[in-house]
Amino acid sequence: MTKMVLNANLIKKYHQDLVFNYSEYPTKDHWNFKFQDDEYKKAILDWFPKNKDKKIFFYVHIPFCEELCWFCTCSKFINKDYAKVTDYLNYLYKEIDLLFEYLNKNDIKLNVGTVFFGGGSPTILNREDLKSLVDKLKSLFDWSKVENFTIESDPRRVDEDRLIYNHEVCGANRISFGMQDLDPEVQRRVNRIQPAKLFENILTPNVRKFYKEIAFDLLIGQPGQTIETMSKTCDEMIKLKPTLVQLSLMAYKPWVAKYQVQMLAEGPLPDFLERKELLNIIHKKLIAGGYIRTGFECYSLPDSPMTKAFNEGEAHYGASGHQTGGRVNFIAVGSSSMSNLGNDYYVQNFYDIPSYKKAIDNNLLPSFRGLKLNKDDKIRQHATQQIRSYFKIDYKNFYEQFGINAKKYFKKEIDYMSEMHKDGLVNFMDDGIFLTETGRDFTQNIMNVFDSYDPPEKSYKERLNTVKKAKESQAKVQEEADKLSI
Ligand code: SF4
């Protein structure tokens, strides 16, 4: 039996209709909706004094885009009216002020090592507004300690000059592009036209010398993607030489984003087997092109910061994908943005702009849900992180972090995985559990074994009920978003 046929059988066997990404654990469906301004402030007071020197990842969300990509499930508003961006910025500044007033009042200084502007499209900000926002942050924490500053950039809205400005005037040293796919037909069918030539024009030697990381996101599961088109996309992408390629599987959720149905106009989306074939060809091409797999859906060049972080055990997976810098403590501002204080707390801001603005008008931090993790949550969160970032559960590491004998602690999970072991997905060794090369393709299924809220043995119906509420609330949020879009 060939490897692909064998994998196809395994894929069928382990396929689940509902899979979780585990960028957070416990997943958001289990967070507490009463965790708002008060609870967030208590969490700040509890966490910071115990974690004074911990590095902070400061995330700023700019939720506007000028055009809609039909696959998108990000939190964004389609908008061509800059007055709305200005209005949002006023609220964002006020949120930042509310946060820093509270921190200063309690003598808490943020040790920010990374700044990340995400969206939406942060490149919707004009030059002056981008600079003002950076200057605002510079006035609030010690910018000289910021090692990484990423601006997610829409390649259709920037040119060489703007990227140089973003570095020279604003200090950005990492760019993240939603490359998604380079095939013209795929791009047409998702309403996002950005040919390879566009990237070639903006990624000039001058730009490259200012940015230590140039990351491309590649989205799998788009209409029209086949092994042939993906193979060509990979060839073109390798020529463009991003230092980092992050893959993600397209989430088809028309109940959240009705416009996604437009992608089906000329035929169905790749099914789960076809997606696996796409992942397979991407893997082969990138490895042959000199990239190293440095995470479940992450590939980087040997001399890139991500490869170094992966080799040194300093990589981490979270809401912003795979990141360098080990355990990431996020302080996030802007609508829908999500903070996490170590492995102790999660906090998320309102998605919809009216609620976000209303909270700020009332001088409240605009969070609407969150969670204080218990010890078991932390251990299991660490397990999902380790599997996703390093493809293993290293028992010694769990002893050092939590003082537990992981082999005993996870006895039930290890017993459950005996079938996966027989199928060649995991190896059990004296010092830990290791995913095999084949097992890496089943990372999400293996992480799921460690999920005590939605374990694999839970029925499909039960799992569906768990996420139903979240879907309904997301749909409401989208309705509000649609009303605001132009
Ligand atoms: S640019 Fe990004 S955030 Fe905006 S619609 Fe497209 S995918 Fe979504």
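Residues numbered from 1 in each chain as written. Predicted model: local features only at pLDDT ≥ 70, side-chain atom pairs only at ≥ 80, totals over all residues.

Draft legend 1. Inspection of the overall build of the protein chain at higher detail. Along the protein chain, the regular secondary structure elements total 20 helices and 19 strands. Here the protein chain has a C-alpha radius of gyration of 22 Å; the compact-globule value for 486 residues is 23 Å, and the two agree. The buried share of the protein chain, taken over its 486 residues, is 42%. (Helix = DSSP H or I, 4+ residues; strand = E, 2+ residues; numbered from the N terminus. Rg over C-alpha atoms; globule rule 2.2 N^0.38 Å. Buried ≥ 20, exposed ≤ 12 C-beta atoms within 10 Å, placed from the backbone.)

Draft legend 2. Broad picture of the sheet that holds strand S18 (residues 426-429). The 3 strands lie next to each other as S17-S19-S18, forming an open sheet whose pairing is antiparallel. Edge positions in the open sheet fall to strand S17 (392-394) and S18, since each of these has one partner strand only. Taken over all neighbouring pairs, the strand axes of this sheet differ in orientation by 20 degrees on average, direction set aside. With 3 bridges connecting them, S17 and strand S19 (residues 432-435) associate as antiparallel partners. When the sheet's bridge partners are listed, lysine 392 is paired in S19 with phenylalanine 434. Relative to S17, helix H13 (residues 375-390) is tilted by about 125 degrees, and along the sheet it contacts S17 and S19. (Pairing = 2+ DSSP bridges. Axes fitted to C-alpha atoms, helices over the stretch in contact; angles between N-to-C directions. Contact = placed C-beta atoms within 7 Å.)

Draft legend 3. Main features of the nonpolar core. Ile175, Leu218 and Val245 are the most contacted members of the largest nonpolar core, which totals 93 residues. When residues no more than four places from it in sequence are discounted, the contact partners of valine 245 are Phe216, Leu218, Met237, Leu286, Tyr291 and Tyr299. Counting residues in hydrophobic clusters, the runner-up holds 23 residues, among them Phe20, Ala383, Val426 and Phe442. (Core = buried A, V, L, I, M, F, W, Y, C linked by C-beta atoms within 7 Å.)

Draft legend 4. Representation of the site of the ligand in the model. In the vicinity of the ligand, the contacting residues are Cys65, Leu68, Cys69, Cys72, Cys74, Lys76, Gly119, Gly120, Ser121, Asp154 and Gly178. Here the residues of the shell around the ligand sort into 5 nonpolar, 4 polar and 2 charged. (Near = placed C-beta within 6 Å. Nonpolar A, V, L, I, M, F, W, Y, C, P; charged D, E, K, R; others polar.)

Draft legend 5. The arrangement of the environment of phenylalanine 434 in detail. Along the chain, the position of phenylalanine 434 falls in strand S19. Residue classification places phenylalanine 434 among the partly exposed positions, given that 16 C-beta atoms sit within 10 Å. For the pair formed by phenylalanine 434 and phenylalanine 391, sequence separation is 43 residues and the distance between their alpha carbons is 6.2 Å. Contact partners of phenylalanine 434, with chain neighbours within four places excluded, come to Phe391, Lys392, Val426, Asn427 and Met429.

Draft legend 6. View of the domain arrangement of the protein chain. Segmenting the protein chain into domains produces domain 1 (1-26 + 374-455) and domain 2 (31-341). Taken together, the contact pairs 12 residues of domain 1 with 11 residues of domain 2. Looking at side-chain class alone, the side of domain 1 that touches domain 2 contains 2 nonpolar, 6 polar and 4 charged residues. (Domains from an automatic or database assignment.)

Draft legend 7. Highlighting the packing of helix H9 (residues 227-240) against helix H10 (residues 272-288). As a packed pair, H9 and H10 sit with axes 9 Å apart at the nearest point and diverge in direction by 30 degrees. Judged by the inter-axis angle, H9 sits roughly parallel to H10. Viewed along their axes, H9 and H10 form a crossing whose handedness is right-handed. Along its contact with H9, which presents Ile227, Met230, Ser231, Cys234 and Ile238, the element H10 presents Glu277, Leu278, Ile281, Ile282, Lys285 and Leu286. Among the residues forming the contact of H9 with H10, the class breakdown is 8 nonpolar, 1 polar and 2 charged. (Parallel < 35°, antiparallel > 145°, perpendicular 65-115°, else oblique. Left-handed = near helix turned anticlockwise from the far one by under 90°.)

Draft legend 8. A look at H13. The terminal C-alpha atoms of H13 lie 22 Å apart, and with 16 residues this matches the ideal 22 Å at 1.5 Å per residue to within 8%. Among all positions in H13, only Ile379, Arg380, Gln381, His382, Ala383, Thr384, Gln385, Gln386, Ile387, Arg388 and Ser389 are buried. The positive-phi residue at the C-terminal boundary of H13 is phenylalanine 391, with phi of around 60 degrees. (Expected span 1.5 Å × (residues − 1).)

Draft legend 9. Main features of the environment of glycine 171. Assignment of secondary structure puts glycine 171 in the loop between helix H5 (160-168) and strand S6 (174-180). Looking at glycine 171, the number of C-beta atoms within 10 Å reads 15, which means it is partly exposed. Those residues in contact with glycine 171 that sit more than four places away from it in its chain are Val134 and Phe149.

Draft legend 10. Main features of unusual backbone geometry. Cis geometry marks the peptide bond from tyrosine 25 to proline 26, where omega comes out at -10 degrees. The omega torsion of the bond from glycine 119 to glycine 120 falls at 25 degrees, within 30 degrees of zero and hence cis. Residue position: glycine 120 is located in the loop between strand S4 (112-119) and helix H4 (127-138). Phi angles above zero are rare outside glycine, and lysine 241 is one such case at about 55 degrees. For lysine 241, the position within the fold is in the loop between H9 and strand S8 (244-249). Classification of lysine 241 by C-beta neighbours within 10 Å gives partly exposed; the count is 14. Phi at asparagine 363 is positive, roughly 60 degrees, even though this residue is not glycine. Mapping asparagine 363 onto the fold places it in the loop between helix H12 (353-361) and strand S16 (367-372).

Draft legend 11. The arrangement of H5 in detail. Within H5 the residues assigned to the buried category are Leu163, Asn166 and His167. Down the axis of H5, the sector holding all buried residues measures 95 degrees, keeping them to one side. Exposed side chains of H5 directed beyond 90 degrees from the buried face belong to Asp161 and Glu168. Of the surrounding elements, those touching the buried residues of H5 are strand S5 (148-153), S6, helix H7 (196-202) and helix H8 (205-210). (Arc of directions from axis to C-beta.)

Draft legend 12. Molecular detail of the packing of helix H3 (residues 82-105) against H12. Contact geometry of H3 with H12 gives a least axis separation of 10 Å together with a crossing angle of 45 degrees. Judged by the angle between their axes, H3 and H12 are oblique. The handedness of the crossing between H3 and H12 is left-handed. In this structure, H3 uses Tyr88, Tyr91, Lys94, Glu95 and Leu98 to contact H12, whose residues at the interface are Ile353, Tyr356, Lys357 and Ile360. Here the residues of the contact of H3 with H12 sort into 6 nonpolar, no polar and 3 charged.

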